[in-house]
Amino acid sequence: GEGKPEAAKRILKIGATTLLMGGVIICTLVQVYHNNLFKVWTTDPHLIETCDDDGNNCTGGILDTALAAFMAGVMMAYLRFTLTIVMSSLGPREAYINLISNNIASWVIYIPLAYLMPIAWDWGLSGFWWSDFFGELFKVICLSWGVMRVDWVEASKEARRKAQAS
């Protein structure tokens, strides 16, 4: 934002929108061409079917498919990438929020759910991807909270001071 808080927020909105649109495009292409995509890694029809649909009705409907769970995780990860970049670039306090949220998401949410959902709750492959989604969702919530608390005027002044010093 070149030292201008409103310009910095505008760039954040443009960047987030661009990244999320990239995620939508990727998910659309995966949805349309998933059978061809799966064949890059395997020709096993059972494995391809497993990736398409667990068939165990853990959540019901389209959410039951491993593909839908994977795409939900991808979209949440795209949003988290944007917020991680913003938080890491603002300073050590914001980077610390990122570090703590990543550790909590991994050790308290993702790892336990990666066992519970696919194995203990018998959600299969979609359970693994839903566990990833919930870990990413936690990080997005924490990082969004951090971004909402940013004093953009002060952050802009600090960025200008750092640029002039170097």
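See the structure above.
Focus: the pattern of salt bridges
- All told, the structure shown has 6 salt bridges when counted by the stated rule.
- We note a salt bridge from Glu 154 to Arg 161, for which the minimum N-O separation is 3.0 Å.
- Residue Arg 161 pairs with Glu 158 through a salt bridge whose shortest N-O separation is 2.7 Å. Of this pair, Arg 161 and Glu 158 both sit in helix H6 (residues 152-165), 3 residues apart, which is roughly one turn of that helix.
- Overall, Arg 161 belongs to the partly exposed group, its relative accessible area being 42%.

Quick notes on the packing of helix H4 (residues 92-120) against helix H5 (residues 124-148)
- One can describe the packing of H4 onto H5 by two numbers: an axis separation of 8 Å at closest approach and a directional angle of 160°. With respect to H5, the axis of H4 lies roughly antiparallel. Note on packing geometry: the crossing formed by H4 with H5 is right-handed.
- Split by residue class, the contact of H4 with H5 holds 16 nonpolar, 8 polar and 2 charged.

Criteria and cut-off values
Residues numbered from 1 in each chain as written. Predicted model: local features only at pLDDT ≥ 70, side-chain atom pairs only at ≥ 80, totals over all residues. Heavy atoms only, no water. Salt bridge = Lys/Arg side-chain N within 4 Å of Asp/Glu carboxyl O. Helix = DSSP H or I, 4+ residues; strand = E, 2+ residues; numbered from the N terminus. Buried < 20%, exposed > 50% of the residue type's maximum accessible area, 1.4 Å probe, protein only. Axes fitted to C-alpha atoms, helices over the stretch in contact; angles between N-to-C directions. Parallel < 35°, antiparallel > 145°, perpendicular 65-115°, else oblique. Left-handed = near helix turned anticlockwise from the far one by under 90°. Nonpolar A, V, L, I, M, F, W, Y, C, P; charged D, E, K, R; others polar.

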